[in-house]
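# What the coordinates show
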Amino acid sequence: MKNRLKVLRAERDWSQGDLAERLKVSRQSVNAIETGKYDPSLPLAFRIADLFDLSIEEIFLRD
Amino acid sequence: MAIDAPTRRYFRRMVAVSAIYVAAIFAASSIIPDDAKATPLTVAIALVPGIAVLAFIWAIGSFLAELTDEYLRFLEVRKALIATAMTLALTATWGILEIYTDVPRIEIFWVFPLWCIGLGVGALVNKLTLGDGGCP
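Bear in mind the structure is a predicted one, so any value in this text is a computation, not a measurement. (Residues numbered from 1 in each chain as written. Chains lettered and ligands numbered in written order. Predicted model: local features only at pLDDT ≥ 70, side-chain atom pairs only at ≥ 80, totals over all residues. Heavy atoms only, no water.)

### Some words on the interface of chain A and chain B
How big an interface is tends to be stated in terms of the accessible area lost upon association of its parts. Rules: Contacts: residue pairs with any heavy atoms within 4.5 Å of one another. As used here, buried area is the combined drop in accessible area, with a 1.4 Å probe, of two parts when they are placed together. Any carboxyl oxygen of Asp or Glu within 4 Å of a side-chain nitrogen of Lys or Arg constitutes a salt bridge here. Nitrogen and oxygen atoms within 3.5 Å of one another constitute a polar contact, given that in protein one can donate a hydrogen and the other can accept it, and given that sequence-neighbouring residues count only through two side-chain atoms. Each helix is a run of H or I in the DSSP string that is no shorter than four residues. Each strand is a run of E no shorter than two, and both are numbered from the N terminus. In this count, Pro and Cys sit with the nonpolar residues alongside Ala, Val, Leu, Ile, Met, Phe, Trp and Tyr, while Asp, Glu, Lys and Arg are called charged and the others, Gly among them, polar.
With 10 residues of chain A at the interface, the matching set in chain B holds 8 residues. Approximately 880 Å² of surface area, both sides summed, lies buried where chain A meets chain B, with 52% of it carried by carbon and sulfur atoms. When residues of chain A are sorted by the area they lose upon contact with chain B, Q28, K37 and Y38 of chain A head the list and together hold 59% of the total. Across the chain A-chain B interface, the total number found is 0 salt bridges. Applying the counting criterion to the chain A and chain B interface returns 5 residue pairs in polar contact (both at pLDDT 80 or more). Top element by residues in the side of chain A that touches chain B is helix α3 (residues 27–34) of chain A. It accounts for 3 residues. Of the residues belonging to the side of chain A that touches chain B, the class tally is 5 nonpolar, 4 polar and 1 charged.

The following block contains the structure:
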């Protein structure tokens, strides 16, 4: 699944480590989600959406 | 990178369980003479590494339950599945060969060490396909 995580992170000048810390996950997780290698669970997708104050659909895009 | 609490506990449990497993095998090889009969004593001695294997799996299960990072948990589950698939496929194949051909017999004891090697293979597959090997 495609997503806008990298762009949203760059807009806030956050590193992958910064985002990982805010989400309480590993940096590997952020990297895997950003690169589309791993689709997060619904609870984690909600946490990501809440962090950016956006809806899930505004971050994760249908293939 | 700092090691989180579940990983630290996992390390501690694995070191303890591995030490018991190895010690039990050495004890068995020195206490039980070759071609000894199966007696309550030899069965009791052989049960120790068996129980250590159960503890090994319990340590992995506890680690999976305690991991809060779902991606790392996914990597660990993949590793265990790859190890299981590799072990079952190899033992099934060799088992058929043992029954019907003259290949050398391999002692069933080696199934668990083979599964442990499979965990390493699983980490390698994770690394090659996802870029991350997983936890230790």
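### Let's talk about the UniProt feature "transmembrane region" (unreviewed entry) in chain B
Residues and elements named next belong to chain B. Selection rule: UniProt positions are given in the numbering used here, feature names are shortened, and annotations may be inferred rather than shown by experiment.
UniProt's entry tags residues 12–32, 44–65, 77–96 and 108–125 with the feature "transmembrane region" (unreviewed entry), counted in the numbering of this structure. Overall, residues 44–65 shows 100% helix and 0% strand. The separation of its end C-alpha atoms is 31 Å. Taken end to end, residues 77–96 comprises 100% helix and 0% strand; its first and last C-alpha atoms sit 28 Å apart.

### Description of a nonpolar patch on the surface
This is how the line gets drawn: What goes into a patch is any residue over 30% in relative accessible area without a salt bridge, connected to like charges within 9 Å or, for nonpolar side chains (Val, Leu, Ile, Met, Phe, Trp, Tyr), within 5 Å. The Shrake-Rupley method, run with a 1.4 Å probe, gives the accessible areas here. Residue values count only the displayed protein chains as cover.
On the surface, a nonpolar cluster with roughly 270 Å² of combined accessible area is contributed by V43, L47 and I51 of chain B. Structurally, L47 of chain B can be placed in helix α2 (residues 40–66).

### As for the domain arrangement of chain B
Residues and elements named next belong to chain B. The cut-off we apply is this: For each domain, the first and last residues come from an automatic or database assignment.
The domains assigned to chain B are domain 1 (1–68) and domain 2 (69–136). Distance between the C-alpha centres of domain 1 and domain 2: 18 Å. With 13 residues of domain 1 in contact, the opposing surface of domain 2 contributes 14 residues. With both sides pooled, the region where domain 1 packs onto domain 2 buries about 1100 Å², and carbon together with sulfur makes up 79% of that total. It is Y21, L64 and L67 that lose the most area in domain 1 upon contact with domain 2, and together they represent 39% of the buried surface on that side. Counting across the domain 1 and domain 2 interface gives 0 salt bridges.

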